[in-house]
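A closer look at the structure
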Amino acid sequence: MTEEELLVEFALTRLDHPGLELEEVAALVVRRVGPQRMLEFAGLTLAHRDELRGAVFPAAVEHVLRVVLTLRGPRD
């Protein structure tokens, strides 16, 4: 999944759940993409942190948030 595809998935999920915080939306995205992508996202987070192990779900959510906030750019 490219970062752009992830951003689209996040945006669509946020449209479905407008009252949720960003982290809650990211958690829904991780649940929607399935276990294989969750492992992929967690692995990317752990590599970014230079860690060998960590909890899969929170690490995957962190990856989604990092991608969304990075592509979103600075706020005015």
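Everything below is about the structure shown above.
So, here's what we can say about the structure. (Residues numbered from 1 in each chain as written. Predicted model: local features only at pLDDT ≥ 70, side-chain atom pairs only at ≥ 80, totals over all residues. Heavy atoms only, no water.)

Core analysis: the largest hydrophobic core is formed by 17 residues, its most contacted members being Leu 6, Phe 10, Ala 26, Val 29, Phe 41, Val 61 and Val 64. Elements with a minimum of two residues in this core: helix 1 (3-16), helix 2 (22-33), helix 3 (35-49) and helix 4 (56-72). With 7 residues, helix 4 is the largest single contributor of residues to this core. (Core = buried A, V, L, I, M, F, W, Y, C linked by side-chain atoms within 4.5 Å. Buried < 20%, exposed > 50% of the residue type's maximum accessible area, 1.4 Å probe, protein only. Helix = DSSP H or I, 4+ residues; strand = E, 2+ residues; numbered from the N terminus.)

Side-chain pairs of opposite charge can arise where the charged atoms are in close proximity. For the coordinates displayed, the defined rule picks out 6 salt bridges. With its nearest N and O atoms 3.9 Å apart, the salt bridge here joins Arg 32 to Glu 9. Taken together, the residues Arg 32 in helix 2 and Glu 9 in helix 1 connect sequence positions 23 residues apart. Three or more residues are tied together by salt bridges with common partners; here these are Arg 49, Glu 51, Glu 62 and Arg 66. (Salt bridge = Lys/Arg side-chain N within 4 Å of Asp/Glu carboxyl O.)

Below, the discussion takes up the side chain of Thr 13. Mapped onto the secondary structure, Thr 13 falls in helix 1. Setting aside its immediate chain neighbours within four residues, Thr 13 contacts Val 25, Leu 28, Val 29 and Arg 32. (Contact = heavy atoms within 4.5 Å.)

On the surface, a cluster of nonpolar side chains totalling about 310 Å² of accessible area is made up of Val 8, Leu 12 and Leu 15. Tracing the backbone through its elements, the reader meets Leu 15 in helix 1. Accessibility expressed as a relative area gives 65% for Leu 15, which makes it exposed. (Patch = residues over 30% accessible without salt bridge, like charges linked within 9 Å, V, L, I, M, F, W, Y side chains within 5 Å. Areas by Shrake-Rupley, 256 points an atom, 1.4 Å probe, with all protein chains shown as cover.)

The analysis is restricted to geometry; functional conclusions fall outside its scope.
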